[in-house]
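Residues per chain are reported as follows:
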Amino acid sequence: MNYNVSEVVSGIFCITQYVLKNCPTNCYVLRAEKYNYIIDTGFGSESSEILLRVTDEKKPIRVINTHFHWDHIWGNHVFKKEEIISSMKTAQYIDKYWDEMIELNKKYIRGKAEKFLPNVISEGEIKFSEDGVLIFPSQGHTKDGISVFYEREKILFVGDNIGDDEINIVPELETDNEAYMKALKKYLSMDPFLILSGHNSEKKIDFILKILERLKE
Ligand SMILES: [Zn+2]
């Protein structure tokens, strides 16, 4: 697989995988004080093995699935022994749509894809105070979406909840605009220094303002 690893800020790594045509896909490794946080697991075991190489081996691992879409979860099974965190709906949707997602997109599997559901699920926020990591519901792109805020550096990971490139700044929305705008306003209230997403390049807060403007048109 073609991929690139870059250190966004100290201790935060973006693993960009070039599998989909004209659409790079990002997973992240956040080396926090106590834990490694792996945000999304990509296209299968090959993605996960790359992510593992970027972790700090002295620290345990927590995995987070931002939403149920296949290009974010197919590497989950490599982390069977770790905590895999998601919303309740993400676990339900992975279970329900697994076969369909494989059938439609199997040519994009890298390594192996094996069904493995998140094992730490929550309807609301999860806070890991020891690392200053907050996980919270954020609908829009999907109904099951969650985002991750690393409070210490004010870095916000939004999954696919912003558009994929400079032209398509609004993502495909499964929810109504109102639910999506609620998530965007929550993002603004956190005043993030950087916004990291599943497909786009790193963004500043003005990108969220632009999306809000576009939604009002
Ligand atoms: Zn998605």
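A. Highlighting the pairing of strand S4 (residues 36-39). Residues Asn36 and Ile38 point to one face of S4 and Tyr37 and Ile39 to the other, with burial holding for every one of them. Bridge count between strand S3 (residues 23-31) and S4: 4 bridges; the pairing is antiparallel. Bridging across to S4, Leu30 finds its partner in Tyr37. The loop that links S3 with its antiparallel partner S4 comprises 4 residues. Strand direction decides the pairing type here: S4 and strand S5 (residues 61-64), joined by 4 bridges, are parallel. From the neighbouring strand, Ile39 faces S5, where its bridge partner is Ile64. Running through helix H1 (residues 45-54), the crossover from S4 to the neighbouring parallel element S5 is right-handed.

B. Highlighting the sheet that holds strand S10 (residues 146-150). If you trace the 5 strands from one edge of the open sheet to the other, you get S8-S9-S10-S11-S12, paired in mixed fashion. What marks the edges here is a single partner per strand, and that holds for strand S8 (126-128) and strand S12 (194-196). Strand-to-strand twist in this sheet, taken as the mean axis angle between neighbours without regard to direction, amounts to 15 degrees. Of the strand pairs in this sheet, strand S9 (residues 133-137) and S10 are connected by 5 bridges, and their pairing is antiparallel. Pairing of Phe136 across the sheet is with Ser147, part of S10.

C. Structural context of the coordination of the zinc ion. The coordination sphere of the zinc ion, as far as protein atoms go, consists of His67 (NE2), His69 (ND1), His141 (NE2) and Asp160 (OD), spread over 2.2 to 2.3 Å. Considering all 4 donor atoms around the zinc ion, angles at the metal cover 88 to 170 degrees and the coordination shape is irregular. Taken in chain order, the donor set of the zinc ion reads H-x1-H-x71-H-x18-D. With His69 in the loop between S5 and strand S6 (83-87) and His141 in the loop between S9 and S10, this pair connects stretches of sequence that are 72 residues apart. Accessibility classification places His69 together with His141 in one group, the buried group.

D. Up close: the nonpolar core. Ile12, Ile135 and Phe157 are the most contacted members of the largest nonpolar core, which has 22 residues in total. With 3 residues, the top contributor of residues to this core is S10. Once you skip the residues sitting within four places of it in the chain, Ile12 turns out to touch Ser6, Glu7, Val29, Leu30, Tyr150, Ile155, Phe157 and Leu196. In this structure, Phe149, Leu156, Ile169 and Leu184 belong to the second largest nonpolar core, which totals 18 residues.

E. Helix H3 (residues 177-190), seen in detail. With 14 residues, H3 extends 20 Å between its outermost C-alpha atoms, agreeing within 8% with the 20 Å of an ideal straight helix rising 1.5 Å per residue. By the burial criterion, the buried members of H3 are Ala179, Tyr180, Met181, Ala183, Leu184, Tyr187 and Met190. In this fold, the buried residues of H3 make contact with S9, S10, strand S11 (155-157) and helix H4 (206-216). Two residues or fewer after H3 comes Asp191, characterised by a positive phi angle close to 50 degrees.

F. Inspection of the packing of aromatic side chains at higher detail. Taken as a whole, this structure holds 10 aromatic pairs when the rule is applied. Both rings, one in Tyr35 and one in Tyr37, keep their centres 6.2 Å apart while their planes meet at 50 degrees; by these two values the pair is tilted. Considering the side-chain rings of Trp70 and Trp74, the 5.0 Å spacing of their centres and the 45 degrees angle between planes classify their relative orientation as tilted. The rings of Phe43, Trp70, Trp74 and Tyr108 are connected pair by pair, giving a single aromatic cluster. The cationic tip of Arg62 hangs over the ring face of Tyr35; the distance from NZ or CZ to the ring centre is 3.5 Å.

Thresholds, definitions, all that
- Residues numbered from 1 in each chain as written.
- Predicted model: local features only at pLDDT ≥ 70, side-chain atom pairs only at ≥ 80, totals over all residues.
- Heavy atoms only, no water.
- Buried < 20%, exposed > 50% of the residue type's maximum accessible area, 1.4 Å probe, protein only.
- Helix = DSSP H or I, 4+ residues; strand = E, 2+ residues; numbered from the N terminus.
- Pairing = 2+ DSSP bridges.
- Right-handed = clockwise from strand over helix to strand, strands pointing away.
- Axes fitted to C-alpha atoms, helices over the stretch in contact; angles between N-to-C directions.
- Donors = N, O, S within 2.8 Å, 3.2 Å for Na, K, Ca; no water.
- Tetrahedral: all angles 85-135°; square planar, octahedral: opposite > 155°, others 65-115°.
- Core = buried A, V, L, I, M, F, W, Y, C linked by side-chain atoms within 4.5 Å.
- Contact = heavy atoms within 4.5 Å.
- Expected span 1.5 Å × (residues − 1).
- Phe/Tyr/Trp six-rings, centres within 6.5 Å; stacked < 30°, edge-to-face > 60°.
- Lys NZ or Arg CZ within 6 Å of the ring centre and 35° of its normal.

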